[in-house]
Amino acid sequence: MPPRPAFLGPSRRARWRRRVLRRAVAGASVATAALLLVGVVRPPPPATSPVVVAARALEAGALLEPTDLRVDRVPGSSPPPASVARLGPLIGRRVGSAVVAGETLTTTRLVPRSPADGAPRGTVAARLLVADGRSLDLVSAGRRVTVYADTGGPALAHDVLVLGTDTPEPMSFAGSFPGPGDVGAGIVLALEPTELDRVFAGQRPEGGPPRVLTVVTG
């Protein structure tokens, strides 16, 4: 018959070992139960929301770059009104007034967008008069057009990005007659400087601004 383990024997030392073992097991059980109870009772961590803040002080009119901003977390499950959670929507925007470091950047602190904000690098935003105002029904911001002089000839610019369009308010019967300062339907285009030079090189014989025709290409 194989020998029994020392702590199972009838000796006083074996009984002492058994008592120590029982106490150790009981203590481990109590500790485990306490840990489980703490895990149940402990409240969850407070909710936070991401917001973009100024990484440094900014002057009024500053053009926002990635190094000017960082994302922090503020208490609460609902972010502050008009705050922004990501850097992307703010890059390239301008602040309307001075901002201190750590201040939350809200959309109300930004200079309102204009069509010129969407002009790609290396182009300028130019508003051109359109000979056929109804053609603007086919055009919207983000489309691409080819531009022709309304007097004829080859295209003045190809595959040009449209930044915006505008049409004058229709005159009512009681409205005044158009005067010298009245403007017609226009289109805002992102033109390279050489393209802009070609457009304005074709001034109208009577001295008025050039008018163009547009054809949607994309």
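Residues numbered from 1 in each chain as written. Predicted model: local features only at pLDDT ≥ 70, side-chain atom pairs only at ≥ 80, totals over all residues. Heavy atoms only, no water.

1. Some thoughts on the pairing of strand β6 (residues 186-191)
Item 1. Burial analysis of β6 places six of its six residues in the buried class, which makes it a mostly covered element.
Item 2. Across the two faces of β6 the burial is the same, with G186, V188 and A190 and I187, L189 and L191 all buried.
Item 3. Pairing between strand β3 (residues 124-130) and β6: six bridges, direction antiparallel. Residue A125 lies in a different strand from β6, and its bridge partner there is A190.
Item 4. When strand β5 (residues 155-166) meets β6, the two strands line up antiparallel, connected through five bridges. Bridge assignment links T165 to a residue of β6, and that residue is I187. (Buried < 20%, exposed > 50% of the residue type's maximum accessible area, 1.4 Å probe, protein only. Helix = DSSP H or I, 4+ residues; strand = E, 2+ residues; numbered from the N terminus. Pairing = 2+ DSSP bridges.)

2. Here's the deal with the sheet that holds β3
In a beta sheet, neighbouring strands are held together by backbone hydrogen bonds and run either parallel or antiparallel to one another.
Item 1. Read once around its circumference, the closed barrel built from five strands follows the order β3-β6-β5-β4-β7, with strand pairing classed as mixed. Between one strand axis and the next, the sheet turns through 55° on average, direction left out of account.
Item 2. Lying on the sheet, helix α2 (residues 193-201) is in contact with β3, β5, β6 and β7 (211-216); it crosses β5 at an angle near 90°. (Axes fitted to C-alpha atoms, helices over the stretch in contact; angles between N-to-C directions. Contact = heavy atoms within 4.5 Å.)

3. Details of the pattern of salt bridges
A side chain of one charge can pair with a side chain of the opposite charge if their charged atoms are brought near each other.
Item 1. Across all of its chains, the model carries four salt bridges by this definition.
Item 2. With a shortest N-O distance of 2.7 Å, D68 and R56 are connected by a salt bridge. Here R56 lies in the loop between β1 (48-54) and β2 (69-75) and D68 lies in the loop between β1 and β2, a separation of 12 residues in the sequence.
Item 3. The buried category is assigned to D68, whose relative accessible area is 3%.
Item 4. Across the pair R127 and D166 runs a salt bridge whose closest N-O atoms are separated by 2.7 Å. With a gap of 39 residues between them, R127 in strand β3 and D166 in strand β5 connect regions that are remote in the sequence.
Item 5. Residue D166 is classed as partly exposed on the basis of its relative accessible area, which comes to 28%. (Salt bridge = Lys/Arg side-chain N within 4 Å of Asp/Glu carboxyl O.)

Purely geometric numbers; function is a separate question.
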